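# What the coordinates show
Chain by chain, the residues:
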Amino acid sequence: MGLNRLIIGGFLGGCLAFAASCTHPTADQSAGPDVRELHRDFQERMERCGRDAIEPSDDTAHEYQSDDTLLSERDRANTAGSRQEACAWIAQRRALTLPDCLALSLEFNDGVRAQRAELKAMHGERLIAQSRFVPGSDYGYERTAIDGNGGLSTNRTAHYVQMTQRILEFGRENPVSVTLRANERAALFDYENKAAEVLSQVRTVFFTVLLRLDQRRERLMLLNEFEAKLKRVERLEEERRVVEVDVLTARLNVLNEKARINVLDQEIKRQQLELLRLLGLPLRTEGLELAGAVEAFALPVDDSVGIAQRRSTSIALARAEVGERMRLVREAFWEAWPDITLRAAMKEQDETLGLALNGEQGAYSLSAFGRHDLEATEESLRLADDPLTGEESGWFVRAGVSLPFFDGVARELGARQRDRERLAAARLALRGTIEATELAVRQAYATLHERRGELEIARERVDISKERLRIKERLKELGKITDDELETFRALYFSDQDAFFDGQIATVAAQESLRREMRFFAPQPERNAP
């Protein structure tokens, strides 16, 4: 019964070891982080909101980067806990700020939630991969019949319970762990990429609505001026001091401005619907109001490049590929190691406890096993090639070794050359990805400054056109120019004003495009912030 207690103790110990492995990676998992650790790191980076150092550092070469510019858990906790609560919250006519919108999109956007579900699914994948370290048990039934010479027949019936426990793995890394690590990276970065995409769209739409609302206020002020002028002209027309065409022109100006305001109203509604979609809220949600102002991005270009390189998932994936290639180079010498099958056990009556070592192509595993033979019937049969089926007690060892000589050395040399060259290619690809990221940021930065320059010119053109229009209106009142000449200057003013409004939208789009390349969505950090 001593062996029986050992078997039961080993089984319980294996269960505890597996439970611990769910929190602390085992030896075969040391080459890659747990997806939950990656997700926890992702949340911690979100909480810092971009306050860490701007310059990239060399010691992050083998880390998984993730976006640290999202919302803190505290900010997310202040938002509604469900879509219904969020709709009720918005219905109270509370104006949404940009952090509110970013938090709501992370919470309720279906695309983000789907990728988050895929990320959580990796926990199941890890359990599946770790299941090989779970104690296993099986029941076996054997019946053997031999019809010997002279009509002699021998029969044997046996059934047993066997438990196994994988203790450790060494040598070349198990392909299951390599595949799991790749899947975890893909799930994490897909989640981050989707979150970055949605957050960028939320910021762009949010600022677009704010700009359109400002434009609408300017149009309303101009409409009020036109309506006041219409009343004045109508009064003058009653006094026979102006001709009828002046009244018609004033009415036409009022109608044209109302048409422009109507276009703006519908554009604002469309953008608000798009914002609701990005927030993951029902499109019929009413009472959506926004509060805030367009942010001015003012980081230097070198700092912008540094932020982008530290947060790029493309760079992180390229670095991970370099790490995997380095692992393959280190493991190349296992090509020449022998294939081993070793089984050693101690048998006592109906109970057996032993160890099994198996290795093929440089990947080795050590397992413990225990077997208890149940009641059996036998008629003069002994399977001499399997000690477990015999009646003798004591130790037994069975070993098999297949050692590759010339072919093993050739495989090792070939694997080293192949993996070193692929490592060099992966490092070149990493450098290319880093340079491509820098190029994209610098180009986006140049585009933003181009749009800002165009916007300043457009602003000056509007001011000049407005002043020219006022001068021409005074000349028209004095009868020095015709109405057609005045309308020419009025049309130029409206054209310049529309160009300025379009330039505002284009500038915001360029700014958010730069932020998307940087994966930087929080307010601009203080340069000397802790």
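Residues numbered from 1 in each chain as written. Predicted model: local features only at pLDDT ≥ 70, side-chain atom pairs only at ≥ 80, totals over all residues. Heavy atoms only, no water.

## Structural notes on the overall build of the protein chain
Helix and strand content of the protein chain: 12 helices and 7 strands. Counting only residues that meet the buried cut, the protein chain has 42% of its 530 residues in that class. Taking the intrachain contacts of the protein chain between residues at least 6 apart in sequence as the baseline, contacts between residues at least 24 apart amount to 78%. As displayed, the protein chain offers around 28400 Å² of accessible surface, 54% of which is attributable to carbon and sulfur atoms. (Helix = DSSP H or I, 4+ residues; strand = E, 2+ residues; numbered from the N terminus. Buried < 20%, exposed > 50% of the residue type's maximum accessible area, 1.4 Å probe, protein only. Contact = heavy atoms within 4.5 Å. Areas by Shrake-Rupley, 256 points an atom, 1.4 Å probe, with all protein chains shown as cover.)

## Overview of helix H12 (residues 483–518)
The end-to-end C-alpha separation of H12 is 53 Å, in line with the 52 Å expected for 36 residues at 1.5 Å each. In the segment just after H12, Arg519 is the residue with positive phi, at about 55°. (Expected span 1.5 Å × (residues − 1).)

## Digging into the nonpolar core
Membership of the largest hydrophobic core comes to 40 residues, with the highest contact counts inside it found for Leu96, Cys101, Leu275 and Leu290. Within the residue set of this core, elements represented by two or more residues are helix H4 (83–91), helix H5 (98–108), helix H6 (110–130), helix H7 (175–238), helix H8 (244–279) and H12. The element contributing the most residues to this core is H7, with 15 residues. Setting aside residues up to four positions removed in sequence, Cys101 forms contacts with Leu96, Val202, Phe206, Leu275, Leu279 and Leu290. The next biggest cluster of nonpolar side chains, apart from the first, holds 20 residues, and it includes Val247, Val462, Leu469 and Phe500. (Core = buried A, V, L, I, M, F, W, Y, C linked by side-chain atoms within 4.5 Å.)

## Remarks on the pattern of salt bridges
Inspection of the entire model under this criterion finds 37 salt bridges. Of the charged contacts, one joins Asp265 and Arg216 as a salt bridge, the two residues approaching to 2.3 Å between their closest N and O atoms. Here the residue Asp265 occupies a position in helix H8, and Arg216 occupies one in helix H7, the gap between them amounting to 49 residues. What makes Asp265 partly exposed here is its relative accessible area of 22%. Salt bridges sharing common partners tie together Glu173, Arg181, Arg185, Glu324, Arg327 and Glu331. (Salt bridge = Lys/Arg side-chain N within 4 Å of Asp/Glu carboxyl O.)

## A word on the side chain of Ser200
Along the chain, the position of Ser200 falls in helix H7. At 3.0 Å, the side chain of Ser200 forms a polar contact with the side chain of Arg516. When sequence neighbours within four positions are dropped, the list of residues in contact with Ser200 reads Glu512, Arg516 and Phe521. (Polar contact = N/O pair within 3.5 Å; in protein donor to acceptor, adjacent residues only side chain to side chain.)

## Things to note about the confidence of the model for the protein chain
Caution applies to low-pLDDT parts of the model: their predicted coordinates are not meant to be read in detail. For the protein chain, the mean per-residue pLDDT works out to 78, and 78% of the residues sit at or above 70. In this model, residues 1–36 is a region of pLDDT below 50 whose contacts with residues beyond four sequence positions or in other chains number 59 contacts. A low-confidence stretch, residues 379–385 (pLDDT under 50), is modelled with 11 contacts involving residues beyond four sequence positions or located in other chains. (pLDDT = per-residue confidence, 0-100.)

## Digging into the environment of Ala296
Within the secondary structure layout, Ala296 lies in the loop between H8 and helix H9 (301–311). The exposure class assigned to Ala296 is exposed, which follows from its relative accessible area of 63%. As a C-alpha pair, Ala296 and Gln511 span 215 residues in sequence and 8.4 Å in three-dimensional space.

## Thoughts on unusual backbone geometry
Glycine aside, residues mostly have negative phi, and peptide bonds are mostly found in the trans state. With a phi close to 55°, Gln361 is a non-glycine residue in the positive phi region. Along the chain, the position of Gln361 falls in the loop between strand S4 (351–360) and strand S5 (363–373).

## As for H5
Of all 11 residues that make up H5, 9 are buried, and the element is covered over most of its length. Within the span of H5, buried status applies to Leu98, Asp100, Cys101, Leu102, Ala103, Leu104, Ser105, Leu106 and Phe108.

## Here's the deal with the side chain of Asp419
Looking at where Asp419 falls in the secondary structure, it is placed in helix H11 (residues 406–477). When its relative accessible area of 4% is taken as the criterion, Asp419 is described as buried. Among the polar contacts listed, one links the side chain of Asp419 to the side chain of Arg418, at a separation of 3.1 Å. Filtering out sequence-adjacent residues up to four positions away, Asp419 remains in contact with Leu328, Val329 and Ala332.

## What to know about the environment of Asn193
Mapped onto the elements of the fold, Asn193 is located in helix H7. Overall, the relative accessible area of 32% leaves Asn193 in the partly exposed class. Asn193 has contacts with Thr313 and Arg519, leaving out every residue within four places of it along the chain. Separated by 2.8 Å, the side chains of Asn193 and Thr313 make a polar contact.

## A closer look at the packing of aromatic side chains
On inspection of all chains with the given rule, the structure shows 10 aromatic pairs. Both rings, one in Trp334 and one in Trp337, keep their centres 4.5 Å apart while their planes meet at 45°; by these two values the pair is tilted. Residue classification places Trp334 among the buried residues on the basis of a relative accessible area of 13%. With relative accessibility at 37%, the residue Trp337 sits in the partly exposed group. Taking the centre distance of 5.9 Å and the plane angle of 55° together, the rings of Trp334 and Tyr364 count as tilted. Placement of Trp334 in the loop between helix H10 (313–330) and strand S3 (339–348) and of Tyr364 in strand S5 is noted, with a sequence separation of 30 residues between them. The same class applies to Trp334 and to Tyr364, which are both buried. Looking at Arg260, its charged tip hangs above the ring of Phe494, at a distance of 3.9 Å from the centre. (Phe/Tyr/Trp six-rings, centres within 6.5 Å; stacked < 30°, edge-to-face > 60°. Lys NZ or Arg CZ within 6 Å of the ring centre and 35° of its normal.)

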